[in-house]
Amino acid sequence: GPTGTGTGRLRSLPALPLVGSLLQLAGHPQLHLRLWRLQGRYGSLYGLWMGSHYVVVVNSYQHAREVLLKKGKAFAGRPRTVTTDLLSRGGKDIAFASYSPLWKFQRKLVHAALSMFGEGSLALEKIICQEAASPCETLSAAQDAALDMAPELTRAVTNVVCSLCFNSSYRRGDPEFEAMLEYSQGIVDTVAKESLVDIFPWLQIFPNKDLALLKKCLKVRDELLQQKFTEHKEAFCGDTVRDLMDALLQVRLSAENNSPPAPGLELTDDHLLMTVGDIFGAGVETTTTVLKWTVLYLLHYPEVQRKIQEEMDQKIGLARHPHLSDRPLLPYLEATISEVLRIRPVSPLLIPHVSLTDTSIGEYAIPKGARVVINLWSVHHDEKEWDKPEEFNPGRFLDEQGQHIHSPSPSYLPFGAGIRVCLGEVLAKMELFLFLAWVLQRFTLECPQDQPLPSLEGKFGVVLQVQKFRVKARLREAWRAAS
Ligand code: HEM
Ligand code: PLO
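The structure presented is a predicted model; accordingly, all values stated were derived computationally and were not measured.

1. Some remarks on the packing of aromatic side chains
- Counted according to the given criterion, the structure contains 13 aromatic pairs.
- For the pair tyrosine 170 and phenylalanine 177, a centre-to-centre distance of 5.7 Å together with 40° between the ring planes defines the contact as tilted.
- Exposure remark for tyrosine 170: the relative accessible area of 5% places this residue in the buried category.
- Ring centres of tryptophan 386 and tyrosine 412 lie 6.2 Å apart, and the angle between their planes is 70°; this geometry places the pair in the edge-to-face category. Of this pair, tryptophan 386 sits in the loop between α16 (376-380) and α17 (425-442) while tyrosine 412 sits in the loop between α16 and α17, and the two are 26 residues apart along the sequence.
- Taking relative accessible area as the criterion, tryptophan 386 reaches 2% and is therefore assigned buried.
- Judged by relative accessible area, which is 15%, tyrosine 412 ranks as buried.

2. Re the coordination of the iron atom of ligand 1
- In this structure the iron atom of ligand 1 is ligated by exactly one protein donor, Cys422 (SG), at 2.3 Å.
- With respect to the element layout, cysteine 422 can be found in the loop between α16 and α17.

3. Digging into the sheet that holds strand β8 (residues 443-446)
- The antiparallel open sheet is built from 3 strands, whose spatial order is β3-β9-β8. Both outer strands of the open sheet, β3 (146-147) and β8, are each paired with one neighbouring strand and no more.
- The pairing of β3 with strand β9 (residues 471-475) spans 2 bridges and is antiparallel. Each residue of the ladder has a partner; that of leucine 147, found in β9, is valine 471.
- Against the sheet, helix α7 (residues 122-142) contacts β3, β8 and β9, and its axis sits at roughly 70° relative to β8.
- Sitting on the sheet, α17 is in contact with β8 and β9, with an inclination near 95° to β8.

4. Focus on the site of ligand 1
- Close to ligand 1 lie 26 residues; Arg78, Arg107, His353, Arg420 and Cys422 are nearest.
- A distance of 3.4 Å separates an oxygen atom of ligand 1 from a polar atom in the backbone of isoleucine 351.
- Taking arginine 420, its side chain carries an N or O atom lying 2.8 Å from an oxygen atom of ligand 1.
- Elements with a contribution of two residues or more to the shell around ligand 1: α6 (101-117), α13 (269-300) and α17.
- Top contributing element to the shell around ligand 1 by residue count: α13, with 6 residues.
- Looking at the shell around ligand 1 residue by residue, the class counts come to 16 nonpolar, 7 polar and 3 charged.

5. Describing the pattern of salt bridges
- In total, this model carries 24 salt bridges according to the counting rule given.
- One salt bridge in this structure joins lysine 459 and aspartate 189, with 3.5 Å as the shortest N-O distance. Of this pair, lysine 459 sits in the loop between β8 and β9 while aspartate 189 is found in helix α9 (residues 175-190), placing the two residues 270 residues apart along the sequence.
- Under the relative-accessibility criterion, aspartate 189 is labelled partly exposed at 24%.
- Between arginine 221 and aspartate 222 there is a salt bridge; the shortest N-O distance is 3.1 Å.
- A relative accessible area of 6% means that arginine 221 is categorised as buried.
- A network of salt bridges, in which partner residues are shared, links Arg89, Arg221, Asp222 and Asp270.

6. Topic: the site of ligand 2
- Near ligand 2 you find 16 residues, and of these Ala95, Ser184, Ile187, Glu285 and Ile351 are the closest.
- Separating an oxygen atom of ligand 2 from a side-chain N or O atom of serine 184 is a distance of 3.0 Å.
- Isolated, ligand 2 exposes 480 Å² of accessible area, and the fraction of that covered by the protein chains is 90%.
- Listed by contribution, the elements that provide at least two residues to the shell around ligand 2 are α9 and α13.
- It is α13 that provides the largest number of residues to the shell around ligand 2, a total of 5 residues.
- Looking at the shell around ligand 2 residue by residue, the classes come out as 10 nonpolar, 4 polar and 2 charged.

Reading the values: rules and limits
Residues numbered from 1 in each chain as written. Chains lettered and ligands numbered in written order. Predicted model: local features only at pLDDT ≥ 70, side-chain atom pairs only at ≥ 80, totals over all residues. Heavy atoms only, no water. Phe/Tyr/Trp six-rings, centres within 6.5 Å; stacked < 30°, edge-to-face > 60°. Buried < 20%, exposed > 50% of the residue type's maximum accessible area, 1.4 Å probe, protein only. Helix = DSSP H or I, 4+ residues; strand = E, 2+ residues; numbered from the N terminus. Donors = N, O, S within 2.8 Å, 3.2 Å for Na, K, Ca; no water. Pairing = 2+ DSSP bridges. Contact = heavy atoms within 4.5 Å. Axes fitted to C-alpha atoms, helices over the stretch in contact; angles between N-to-C directions. Near = heavy atom within 4 Å. Polar contact = N/O pair within 3.5 Å; in protein donor to acceptor, adjacent residues only side chain to side chain. Nonpolar A, V, L, I, M, F, W, Y, C, P; charged D, E, K, R; others polar. Salt bridge = Lys/Arg side-chain N within 4 Å of Asp/Glu carboxyl O. Areas by Shrake-Rupley, 256 points an atom, 1.4 Å probe, with all protein chains shown as cover.

So, in structure tokens, the structure goes:
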């Protein structure tokens, strides 16, 4: 038949022997934008060659939903690349591991541990609120000076995942925290870059100095992870489970007590370490990035900030701090977070998927082993689905009464979907809500005088990064009066 059976031939970018379609992509650092614009010539679904790898690029939500949901299992693989293999010790983590029974088990464990410690638990809410107080103190002390909020936001977010993963936290100026900041930036700058740009290590289009930087950063990360692991192993008695690390140790212990694990289902030390490394890394870099984007958009759209504050003054007032249970009372703040996740998706190309069987997308046949890149940027900026997509408008996520949030289009997948869906969605949303509510109850954020508004252009990478900028945080009159 003409549809659904995969008989059509997909249009592909012209490809040269060895380098494939590289020439059309080289020199475009903002890969998501390049792949978005190529739709004009090739349509919303097209193929290209990265050296010897066939890559299918998906730019519409219909095809994205088919890949992630309807045929999720057929597309649940991940490619192996030089840098992600280094990061995950050959795919022993969750995010960069291909589909396998062990991967499924790891996901299940982390999911269970996150629901046990976090999601919906009062203990976690208390930790987040405690951490939210800290950037507020720093902003107060800065007394209207132009300030880069990034380090304080990062430390607050880091401490939340740190208590989840390791039952520990960092004080301001802690040298271990400074080292973490540095290695993590180095990893973000280098990892997964070559997965789309360079498939031939010997072509060295991916610069060697990047690989050297990645290795140096991974060495620091690995030492830190190993140290936490050793401490936990020594302290672990099997009764009290304090954090994710303990939870993983306990699962392994009870599995060993029953019967030896089936071949291929063995959780080695590397698996435990890389799993925690993923949660820690994802926990820090994603949430921090969204907080930075939100602050940046509030500088550009002061009327949005005003509306959030009006809503907070009405529904919560100034006599108490915001709670998680206030979420239904603050739909405009929720809508603002949704709009930030739309307009600047954290992961603009998700993580590449791989087809595990011969299959199809729409009417097109997709061979086993094809890499599938979902361009979330295209999905979130589709003019057929979004009115003026480059306009920042939280109102689009609200119903007519402005009381409930909903997505006006199915073309919205900030956390992905299906069997590879993000594991941290609930946690991330708790943090985003509480951190922003705490800061905006107390401060109005402004662009420092006689400085241009900072650029809204992101920097493509494993997350869509925000360029550095400074903020003036003015203590609100109403807050000053109330306290
Ligand atoms: C995967 C988004 C926060 C853990 C992903 C994916 C996206 C995403 C788009 C890829 C899905 C795919 O490849 O199909 C986000 C956004 C976040 C966020 C927008 C913040 C607002 C977090 C947090 C954690 C986390 C806080 C950890 C607690 C993971 C993991 C994966 C993942 C482990 C890999 C899942 C897999 O490959 O099976 N996330 N994420 N994320 N995320 Fe998140
Ligand atoms: C961020 C830098 C850390 O040092 C290591 C790390 C681990 C997991 C990665 C994360 C980095 C970036 C964001 C990723 C996450 C797994 C899932 C998440 C890719 C590289 C997203 C948004 O897909």
